[in-house]
Amino acid sequence: MEDSKSMEPSQSWIPLLSNTESQVHGETCSMPATLILSTLVAVFGSYVFGSSVGYSSPAQSGIMDDLTLDVADYSFFGSILTIGAIIGAFVSGRIADFVGRRVAMGFAEVFCILGWLAIAFSNVAWWLYIGRLLVGFGIGLLSYVVPVYVAEVTPKNLRGGFTTVHQLMICCGVSLTYLFGALLYWRILALIGIIPCSAQILSLPFIPESPRWLAKIGHLEGSENALQRLRGKNANVSQEATEIRDYTKALEQHSEASIIGLFQLQYLKSLTVGVGLMILQQFGGVNGIVFYASSIFTSAGFSGSIGTIAMVAVQIPMTTLGVLLMDKSGRRPLLLVSASGTCLGLLLVALSFLLQDLHKLKELSPILALVGVLVYTGSFSLGMGGIPWVIMSEIFPINVKGSAGSLVTLVNWLCSWIVSYAFNFLMTWNSTGSFFIFCGICGLTVVFVAKLVPETKDRTLEEIQASLNPFSTKT
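Residues numbered from 1 in each chain as written. Predicted model: local features only at pLDDT ≥ 70, side-chain atom pairs only at ≥ 80, totals over all residues. Heavy atoms only, no water.

### Observations regarding the pattern of salt bridges
Reasoning step 1: This structure, assessed with the given rule, holds four salt bridges.
Reasoning step 2: Linking E240 and R231 is a salt bridge whose minimum nitrogen-to-oxygen distance equals 2.8 Å. Each of the two residues, E240 as well as R231, counts as buried.
Reasoning step 3: A salt bridge links E394 to R331; the shortest N-O distance between them is 2.6 Å. On the criterion of sequence distance, the pair formed by E394 in helix 17 (residues 387–394) and R331 in helix 15 (residues 331–358) is long-range, its members being 63 residues apart. Judged on exposure class, the residue E394 and its partner R331 are both buried.
Reasoning step 4: One network of salt bridges, with partners in common, ties together D97, R101 and E152. (Salt bridge = Lys/Arg side-chain N within 4 Å of Asp/Glu carboxyl O. Buried < 20%, exposed > 50% of the residue type's maximum accessible area, 1.4 Å probe, protein only. Helix = DSSP H or I, 4+ residues; strand = E, 2+ residues; numbered from the N terminus.)

Below you can see the structure in the form of structure tokens.
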């Protein structure tokens, strides 16, 4: 791993909210409000993602009672979100490349609004399913385009922290939906889901398009103008604009790659890193821990509500810490610490179930379960939750970013569905063995990161892609 200079204190995330200084290609310029606004508008989509995922849990009893659904019906309602997301992920890169990042976000939010309306006013199960499917399609598209847009508009020394806000806002969406869901009727909760969707749509006209996408479609003047707005009117953007223009021109000889076209030697390392991180992120058992957390906390002597509060109390601060550290420590160190922590947490949970199976140390078993879940949740939030999306947005050349992003996002949602579907069968087979398997996969993640994942801190997107894909710009 290459050593990188530590950021100065003035470059951390917190001071970005004031009129601070930032280094762009070695020159000092004031942090423009446009960059902060663009990021905040984009991550409205991340909040929508989180609120959509979190909705089914607090709404379950109300929907089942009002519409007389059984457990199988409601399980289908919950899982169809993932099916919609898989479809959205499959076309996300193509849509974002064809119409641009801003229009793609607005397009996704239209589907989310229609979906929330269908859910809120449904009187039969089919309308629930259609609404949930539409919301899933929208968040599948947002899960790709939001981190890509943020990565493409931010300077290299701030890109990691800004992009990780995507994961922080997902956490906020899940947590606030749990909170509102405990207080509000399920139809009202669905209507509240429309608010962040509408806020993003209304805000999109006020932020610039991605300079790299504009350069890709040949709007070089528009690209430089957008870059100037994002860096500030007094910033010298000539070097960054030249890098973007030269790299884009070098890629013009290559046609836009299809998903099949990605499987070439020149993209092998990027594809391995991007797909590998997404597989390991999901197969590390995050959905299993979340779905089984209530039972684990119950076995530890805590109520489900207290357990949920404990997880939120760990999740949001640790995600925030990851945002603050992203551009100081780098991606690799955070990933290594995060993966090691998830491995330790799952080991503690597995040992808790093992002690229950052996009927030994019964007073220790609940404590191990509680500590294990909280260690896992905190560690996952620190890095494994958000950093794979950051790296995905950084490592692919612009001529394959659409197809590669679609593939990587599709893999993530497909693995999420596999784990969600298989988890109950695994727990019926052997709960102790299941958590040991997840623990082993997290251990494999540590090795994968140490051996294959590059450090992308303080490097431009063009520098990262040139180092990973050395043949992609050669004639």
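Continuing now.
### Topic: the side chain of S143
Reasoning step 1: Within the secondary structure, S143 sits in helix 5 (residues 125–153).
Reasoning step 2: In terms of polar contacts, S143 uses its side chain to reach the side chain of W413, at 3.2 Å.
Reasoning step 3: For S143, the residues in contact, after removing those within four places along its chain, are F49, H166, W389, T409 and W413. (Polar contact = N/O pair within 3.5 Å; in protein donor to acceptor, adjacent residues only side chain to side chain. Contact = heavy atoms within 4.5 Å.)

### Thoughts on the confidence of the model for the chain
Reasoning step 1: In this model, the chain carries a mean pLDDT of 82, and residues with pLDDT of at least 70 account for 85%.
Reasoning step 2: The low-confidence segment residues 1–29 (pLDDT under 50) makes 61 contacts with residues lying over four places distant or belonging to another chain. (pLDDT = per-residue confidence, 0-100.)

### Digging into the packing of aromatic side chains
Each aromatic ring pair is described using two quantities: the centre-to-centre distance and the angle formed by the ring planes.
Reasoning step 1: By the definition in use, this model includes 11 aromatic pairs.
Reasoning step 2: On the numbers, 5.3 Å between centres and 45 degrees between planes, the contact of Y74 with F77 is tilted. Taken together, the residues Y74 and F77, both in helix 3 (residues 71–99) and three residues apart, mark about one turn of the helix. F77 matches Y74 in its accessibility class, with the two residues each being buried.
Reasoning step 3: Consider the rings of F107 and F111, whose centres lie 5.0 Å apart with planes at 70 degrees: the pair is edge-to-face. Placement of the pair is F107 and F111 together in helix 4 (residues 101–120), with a separation of four residues, close to one helical turn.
Reasoning step 4: F107 gets classed as partly exposed once you look at its relative accessible area, which sits at 36%.
Reasoning step 5: Owing to a relative accessible area of 22%, F111 belongs among the partly exposed residues under this scheme. (Phe/Tyr/Trp six-rings, centres within 6.5 Å; stacked < 30°, edge-to-face > 60°.)

### As for the packing of helix 2 (residues 44–66) against helix 3
Reasoning step 1: At a minimum axis distance of 10 Å, the contact between helix 2 and helix 3 shows a crossing angle of 160 degrees. Classified by the angle their axes make, helix 2 and helix 3 are roughly antiparallel. In this structure, the crossing between helix 2 and helix 3 has a hand that is right-handed. Contact residues: S52, V53, Y55, S56, A59, Q60, I63 and M64 in helix 2; V71, Y74, F77 and L81 in helix 3.
Reasoning step 2: When the residues that make up the contact of helix 2 with helix 3 are grouped by side-chain class, the tally is nine nonpolar, three polar and no charged. (Axes fitted to C-alpha atoms, helices over the stretch in contact; angles between N-to-C directions. Parallel < 35°, antiparallel > 145°, perpendicular 65-115°, else oblique. Left-handed = near helix turned anticlockwise from the far one by under 90°. Nonpolar A, V, L, I, M, F, W, Y, C, P; charged D, E, K, R; others polar.)

### Description of the nonpolar core
Reasoning step 1: Residues Y55, I63, L128, I139 and F435 are the most contacted members of the largest nonpolar core, which totals 110 residues.
Reasoning step 2: Top element by residues in this core is helix 5. It accounts for 14 residues.
Reasoning step 3: Apart from the residues within four sequence positions on either side, L128 is in contact with I63, L67, L69, F77, I119, S122 and W186.
Reasoning step 4: Of all hydrophobic cores here, the second largest spans six residues; its members include A215, A235, V237 and A241. (Core = buried A, V, L, I, M, F, W, Y, C linked by side-chain atoms within 4.5 Å.)

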